[in-house]
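# Observations on the three-dimensional arrangement
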Amino acid sequence: MGSSGSAAASSRPIGVFDSGVGGLTVLRALGAEMPRERFVYLGDTARLPYGTKSPETVIRYAVQAADALIERGVKALIVACNTASSVALPAMRERYRDMTVIGVVEPGAEAAVAASRSGHIAVIGTEATVRGGAYQRAITQRRPQAQVRALACQMFVALAEEGWTSGPVARAAAEQYLAPLFGPATPGVGESAADTLVLACTHFPVLQAVIRSVVGPRVVIVDSAATTARAAHSALSERGLLGGEDAARMPDRMRFLATDGVARFAAIGGRFLARSIDARDVELVDL
Ligand code: DGL
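Residues numbered from 1 in each chain as written. Predicted model: local features only at pLDDT ≥ 70, side-chain atom pairs only at ≥ 80, totals over all residues. Heavy atoms only, no water.

### As for the overall build of the chain
- Each helix and strand in the chain was counted, giving twelve helices and ten strands.
- Taking 19 Å as the expected radius of gyration for a compact globule of 287 residues, we find that the chain reaches 18 Å, a close match to that expectation.
- C-alpha atoms of the chain, sized along the principal axes, occupy 60 × 40 × 40 Å.
- Expressed as a percentage of its 287 residues, the buried residues of the chain come to 54%.
- Within the chain, contacts between residues at least 6 apart in sequence are counted, and of these 76% link residues at least 24 apart. (Helix = DSSP H or I, 4+ residues; strand = E, 2+ residues; numbered from the N terminus. Rg over C-alpha atoms; globule rule 2.2 N^0.38 Å. Buried < 20%, exposed > 50% of the residue type's maximum accessible area, 1.4 Å probe, protein only. Contact = heavy atoms within 4.5 Å.)

Now the structure itself:
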């Protein structure tokens, strides 16, 4: 299903989807990396969170979201959601064989392996991301000796949605989750503590400061948004799919679709995109 190789393909928008607003951190990185591209972003806000759902449900939701974007003529699909990338990417690549489909797991794993000197790498994400093991596999495929510890930090999603990205509650949650992996008082941590931490969830970059305050200054924090944007740029370039439009002439450069609450999408999404979103620019869609 889908096609991406026609002559007019390069002028079509790039489709980006996530379970909600968190993937706007990835859209932001994509926009900075490819200033001449147009994007359609779909946030499946009615069904967030994906992170606590079964693999079957995540695959079904991801396919419905991708179908909706393909109907809108996108030339490539970026799966910004770590849970959907971890669980549904093989099914999506199978279904959309002619479409460039890029997830966040492989670029994130690549960046983690490049950053880690000791090979001790920690991955934090949703329950489904951690349970599915895709990051763990992607890291050990690239570096078989790597020691990967993955931890579900589901509460971070709620904190980020609520805007509680700093302060005592965020700090307490970060300590509760991360001190066992990084805390100095933890038996056995010392030498084997991870030197690299992968933020394997769209929502976690907005908590980066509080996470940093717990893990300390020496740990490299990998945010897969920027690495995914670079991977998408080179994949589109290799396939001759890059657009050449002048960004200044693109008032509708980023279009937004949401499956629920356009006002809430605009209000909360602005935090993740780091610029305001007008609710009138968000279209309500039904999958
Ligand atoms: N977008 C999800 C992810 O990156 C986080 C929110 C959710 O659980 O749906 O894993």
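### Some remarks on the site of the ligand
- By nearness alone, 14 residues border the ligand, and Asp-18, Ser-19, Tyr-50, Gly-51 and Thr-83 come closest of all.
- Here an oxygen atom of the ligand sits 2.7 Å away from a polar atom, N or O, in the main chain of Tyr-50.
- Here Gly-51 contributes a backbone N or O atom positioned 2.9 Å from an oxygen atom of the ligand.
- Its residues assigned to classes, the shell around the ligand shows six nonpolar, seven polar and one charged. (Near = heavy atom within 4 Å. Polar contact = N/O pair within 3.5 Å; in protein donor to acceptor, adjacent residues only side chain to side chain. Nonpolar A, V, L, I, M, F, W, Y, C, P; charged D, E, K, R; others polar.)

### Some words on the packing of aromatic side chains
- Tallied over the full model, the rule gives five aromatic pairs.
- Between the aromatic rings of Tyr-41 and Phe-265, the centroid separation amounts to 6.0 Å while the plane-to-plane angle is 55°, which identifies the pairing as tilted. In this pair, Tyr-41 is assigned in strand β2 (residues 39-43) and Phe-265 in helix α12 (residues 262-273), connecting sequence segments 224 residues apart.
- Its relative accessible area of 0% is what places Tyr-41 among the buried residues.
- For Phe-265, a relative accessible area of 1% gives the class buried.
- These aromatic residues form a ring-pair network of at least three members: Tyr-41, Phe-256 and Phe-265. (Phe/Tyr/Trp six-rings, centres within 6.5 Å; stacked < 30°, edge-to-face > 60°.)

### Quick word on the sheet that holds strand β7 (residues 196-200)
- A sheet is described by the order of its strands in space; here four strands give the open sequence β6-β5-β7-β8, paired in parallel fashion. The open sheet has two edge strands with one neighbour each: β6 (147-152) and β8 (220-223). Sheet twist, expressed as the average angle between the axes of neighbouring strands with direction ignored, equals 20°.
- Both strand β5 (residues 120-125) and β6 contribute to a ladder of six bridges, which runs parallel. Considered in β6, the bridge of His-120 is made with Gln-147.
- Strands β7 and β8 of the sheet are contacted by helix α11 (residues 224-238), whose axis makes an angle of about 50° with β8. (Pairing = 2+ DSSP bridges. Axes fitted to C-alpha atoms, helices over the stretch in contact; angles between N-to-C directions.)

### A closer look at the pairing of β2
- The element β2 is extensively covered by neighbouring structure, given that five of its five residues are classed as buried.
- Alternating positions in β2 separate into two faces, Phe-39, Tyr-41 and Gly-43 on one and Val-40 and Leu-42 on the other, with burial throughout.
- The pairing of strand β1 (residues 14-18) with β2 spans five bridges and is parallel. Residue pairing across strands places Gly-15 opposite Val-40, the latter belonging to β2.
- Traced from β1 through helix α1 (residues 24-33) to β2, the parallel crossover comes out right-handed. (Right-handed = clockwise from strand over helix to strand, strands pointing away.)

### Let's talk about the environment of Pro-251
- Here Pro-251 lies in the loop between α11 and β9 (254-258).
- The exposure class assigned to Pro-251 is exposed, which follows from its relative accessible area of 83%.

### Some thoughts on the sheet that holds β1
- Read from one edge to the other, the open sheet built from six strands follows the order β4-β3-β1-β2-β9-β10, with strand pairing classed as parallel. The outermost strands of the open sheet, each flanked by one partner alone, are β4 (100-103) and β10 (282-284). On average, adjacent strands in this sheet sit at an angle of 20° to one another, irrespective of strand direction.
- Strand direction decides the pairing type here: strand β3 (residues 76-79) and β4, joined by four bridges, are parallel. By the bridge assignment, Val-79 is partnered in β4 with Gly-103.

### Here we look at unusual backbone geometry
- Cis geometry is adopted by the peptide bond preceding Pro-49, which originates at Leu-48 and carries an omega value of 0°.
- With respect to the helices and strands, the residue Pro-49 is situated in the loop between β2 and α2 (55-71).

### Overview of the pairing of β4
- Side chains Thr-100 and Ile-102 of β4 all project onto a buried face; the interleaved residues Val-101 and Gly-103 project onto the opposite face, where all are buried too.
- Following the chain from β3 across helix α3 (residues 82-95) to the adjacent parallel β4, one finds a crossover that is right-handed.

### Details of the pattern of salt bridges
- This structure, assessed with the given rule, holds ten salt bridges.
- Residue Glu-283 pairs with Arg-72 through a salt bridge whose shortest N-O separation is 3.2 Å. With Glu-283 in strand β10 and Arg-72 in the loop between α2 and β3, the pair connects residues that are 211 residues apart, well separated along the chain. (Salt bridge = Lys/Arg side-chain N within 4 Å of Asp/Glu carboxyl O.)

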